[in-house]
Amino acid sequence: MDTGLVTADSTLGSQLVNSHWYRVGGLAPRLRDTLRIHPQYWRRQLWYVVEDRINARYHRFDRQAYRIIRLLDGRTTLQQLWLRLAAEAGEHCPAGRDTEFTRPIAQPGFIG
């Protein structure tokens, strides 16, 4: 099935291993308005703490995860986001690691 998301001449960075990508690639998720992001240093490393004010929960993410989270604006599709991050990573793109790509947004209550 041709989904139009990945072509035969795609670069390694735009190829996804998961055959279900066509189901979510066109979605444009956004963070809920009730979430607040706080940068925090912990043991000399920068982390981003996402505060969920409704559920009184906190989630901590590293810089790489924050690169994804900051782009969840409700306008950028997951396909666009993936292609942008793949272009930034160049040959160091984590091809086939789409589960790591979606892990930050898979947290309960993140998407509004």
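In this text, all values refer to a predicted model and were calculated from it rather than measured experimentally. (Residues numbered from 1 in each chain as written. Predicted model: local features only at pLDDT ≥ 70, side-chain atom pairs only at ≥ 80, totals over all residues. Heavy atoms only, no water.)

Enquirer: So what's going on with the packing of aromatic side chains? Residues and values would help.
Expert: Overall, the coordinates contain 1 aromatic pair when judged by the stated rule. Summarising the aromatic geometry, the rings of Tyr48 and Tyr66 are spaced 3.8 Å apart at their centres and angled 10 degrees between planes, so their arrangement reads as stacked. Taken together, the positions of Tyr48 in strand β2 (residues 45–52) and Tyr66 in helix α2 (residues 63–69) put the pair 18 residues apart, joining distant regions of the chain. Residue Tyr48 is classed as buried on the basis of its relative accessible area of 14%. Look at Tyr66 and you get partly exposed, because its relative accessible area is 23%. When the ring centre of Trp47 is taken as reference, the NZ or CZ atom of Arg60 above it lies at 4.4 Å. (Phe/Tyr/Trp six-rings, centres within 6.5 Å; stacked < 30°, edge-to-face > 60°. Helix = DSSP H or I, 4+ residues; strand = E, 2+ residues; numbered from the N terminus. Buried < 20%, exposed > 50% of the residue type's maximum accessible area, 1.4 Å probe, protein only. Lys NZ or Arg CZ within 6 Å of the ring centre and 35° of its normal.)

Enquirer: Any details on the side chain of Asp52? Residues and values, ideally.
Expert: Its place among the elements puts Asp52 in strand β2. Residue classification places Asp52 among the buried positions, given a relative accessible area of 2%. Setting aside its immediate chain neighbours within four residues, Asp52 contacts Arg32, Thr34, Leu35 and Arg57. (Contact = heavy atoms within 4.5 Å.)

Enquirer: Requested: an account of the sheet that holds strand β3 (residues 57–61), with residues and values cited.
Expert: Strands sit in the order β1-β2-β3 across an open sheet of 3 strands; the sheet is antiparallel. Two strands close off the open sheet at either side, each with one partner strand: β1 (35–42) and β3. On average, adjacent strands in this sheet sit at an angle of 30 degrees to one another, irrespective of strand direction. Bridge analysis of β1 against β2 gives 8 bridges, and the strand direction is antiparallel. Directly across from Trp42, in β2, lies its bridge partner Gln45. (Pairing = 2+ DSSP bridges. Axes fitted to C-alpha atoms, helices over the stretch in contact; angles between N-to-C directions.)

Enquirer: Please provide a residue-by-residue account of the confidence of the model for the chain, values included.
Expert: In low-pLDDT segments, the atomic positions of the prediction should not be examined closely. The predicted model of the chain has a mean per-residue pLDDT of 76, with 64% of residues at 70 or higher. Here helix α4 (residues 98–102) stands out as the least confident element of the chain, with mean pLDDT 54; β1 is the most confident, with 95. Across residues 1–14 the pLDDT falls below 50, and counting only partners more than four positions away or on other chains, this stretch makes 16 contacts in the model. (pLDDT = per-residue confidence, 0-100.)

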